[in-house]
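Each chain, letter by letter, is given below.
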Amino acid sequence: MARSGAQADARATALMVLGVDKGAALARQRGLDALFLLRDDEGRTSGVSVGRLSCQKPAATPFAEEG
């Protein structure tokens, strides 16, 4: 857990700038919890989680956009 909102924001920004592969690797190395939500060109979503946000089985309901 970050000690302040500014620290949490700085960590999140750094991980996103690095991208999912390098950002997830850094989060693992530093013992951080992180969730990367991704959307492909067809609008499908997926996620990559690190730390305590990881789970062994997927959520029962996938993300979906209405519309």
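Draft legend 1. Examining the pairing of strand β1 (residues 34–39) more closely. Relative to strand β2 (residues 45–50), β1 is paired through 6 bridges, and the arrangement is antiparallel. Its bridge partner being in β2, F36 is matched across the sheet by V48. Between β1 and β2, which pair antiparallel one after the other, the connecting turn spans 5 residues, and G43 there sits at a positive phi close to 90 degrees.

Draft legend 2. Geometry of the pattern of salt bridges. Scanning all chains against the criterion turns up 3 salt bridges. For D33, the salt bridge identified is with R52, shortest N-O distance 2.7 Å. Placement of D33 in the loop between α1 (5–30) and β1 and of R52 in the segment after β2 is noted, with a sequence separation of 19 residues between them. Judged by relative accessible area, D33 falls into the partly exposed class, the value being 32%. The structure contains a network of salt bridges with shared partners spanning D40, E42 and R44.

Draft legend 3. Local environment of a nonpolar patch on the surface. Residues L35, L37 and L53 make up a contiguous nonpolar surface patch of roughly 300 Å² in combined accessible area. Counting through the fold element by element, L35 comes out in strand β1.

Draft legend 4. Layout of the nonpolar core. If you look at the biggest cluster of nonpolar residues, it comprises 7 residues: L15, A24, A27, L32, A34, F36 and V50. Taken together, the elements giving at least two residues each to this core come down to α1 and β1. If one sorts the elements of this core by residue count, α1 sits on top with 3 residues. Excluding anything up to four places from it in sequence, L15 contacts G23, L26, A27, A34 and F36.

Conventions and cut-offs
- Residues numbered from 1 in each chain as written.
- Predicted model: local features only at pLDDT ≥ 70, side-chain atom pairs only at ≥ 80, totals over all residues.
- Heavy atoms only, no water.
- Pairing = 2+ DSSP bridges.
- Helix = DSSP H or I, 4+ residues; strand = E, 2+ residues; numbered from the N terminus.
- Salt bridge = Lys/Arg side-chain N within 4 Å of Asp/Glu carboxyl O.
- Buried < 20%, exposed > 50% of the residue type's maximum accessible area, 1.4 Å probe, protein only.
- Patch = residues over 30% accessible without salt bridge, like charges linked within 9 Å, V, L, I, M, F, W, Y side chains within 5 Å.
- Areas by Shrake-Rupley, 256 points an atom, 1.4 Å probe, with all protein chains shown as cover.
- Core = buried A, V, L, I, M, F, W, Y, C linked by side-chain atoms within 4.5 Å.
- Contact = heavy atoms within 4.5 Å.

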